[in-house]
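Each chain, written out:
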Amino acid sequence: MEPEKVIMVFLKWLGENPSIFMPKAWQDLPKLETEIAESADDELFPIAMTISKWCSKHGLGETLREAIGINKKDIDDGGDPTPNTMQPLTNITQVLRQSIEEACKKIQELDAQKSNTDNDSK
């Protein structure tokens, strides 16, 4: 798997499809963030491997491979990338860490709202 695609698919999941992660996976996101922080920005392959292993551990390995295959088909069919259609992966460790933190905050807020709603209905 190409490291850029692994990273891009994972970022897309965090931002657009957080429901793909099971509760246990959400609990382990801070650990993934820590592991990513130990990598340098120019180490895309180790970062992608860390994400792939984490996804496999949480039952998302096959889903990740499928998403990359779909993403690859869209890219292959879309012609040559232009500067406007392809974002460079810069400061990737920072971007990933921020995305993970934001996703964790969102899930905590949703859990808190759900708890409040559950308590109000009793």
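Residues numbered from 1 in each chain as written. Predicted model: local features only at pLDDT ≥ 70, side-chain atom pairs only at ≥ 80, totals over all residues. Heavy atoms only, no water.

Trainee: For this particular structure, what's the right way to read the packing of aromatic side chains?
Mentor: Each aromatic ring pair is specified by the distance between its two centres and by the angle formed by the two planes. Within the structure shown, the criterion is met by five aromatic pairs. Judged by centre distance (5.8 Å) and plane angle (85°), the rings of F10 and W54 are edge-to-face. In this pair, F10 is assigned in helix α1 (residues 3-16) and W54 in helix α3 (residues 44-57), connecting sequence segments 44 residues apart. Judged by its relative accessible area of 0%, F10 falls in the buried class. (Phe/Tyr/Trp six-rings, centres within 6.5 Å; stacked < 30°, edge-to-face > 60°. Helix = DSSP H or I, 4+ residues; strand = E, 2+ residues; numbered from the N terminus. Buried < 20%, exposed > 50% of the residue type's maximum accessible area, 1.4 Å probe, protein only.)

Trainee: Can you help me understand the nonpolar core in this one?
Mentor: One broad trend across soluble globular proteins is that nonpolar side chains are buried collectively. Counting residues in each nonpolar core, the largest one holds 29 residues, and the members touching the most others are I7, F10, W13, F21, L29, I51 and L96. Listing elements by their share of this core, those giving two or more residues are α1, α2 (23-37), α3, α4 (61-77) and α5 (92-120). Considering each element in turn, this core owes the most residues, seven residues, to α1. (Core = buried A, V, L, I, M, F, W, Y, C linked by side-chain atoms within 4.5 Å.)

Trainee: Hey, could you run me through the environment of A48 in this one?
Mentor: Take A48: it is sitting in helix α3. Along the sequence, A48 and K5 sit 43 residues apart, while their C-alpha atoms lie 8.5 Å from each other. Residues contacting A48, with those up to four places away along its chain left out, are P3, V6 and I7. (Contact = heavy atoms within 4.5 Å.)

Trainee: How do you make sense of the pattern of salt bridges when you look at a structure like this?
Mentor: For side chains bearing opposite charge, pairing can occur when the charged atoms are close. For the coordinates displayed, the defined rule picks out five salt bridges. Taking the shortest distance from any N to any O, the salt bridge between K24 and D28 comes out at 3.5 Å. With a gap of four residues between them, K24 and D28 both fall in helix α2, about one helical turn apart. D28 is the partner of K57 in a salt bridge, and the nearest nitrogen-oxygen pair spans 4.0 Å. Of this pair, K57 sits in helix α3 while D28 sits in helix α2; the two residues are 29 residues apart in sequence, bridging distant segments of the chain. For K57, a relative accessible area of 54% corresponds to the exposed category. Several salt bridges share partner residues, and in doing so they unite K24, D28 and K57 into one network. (Salt bridge = Lys/Arg side-chain N within 4 Å of Asp/Glu carboxyl O.)

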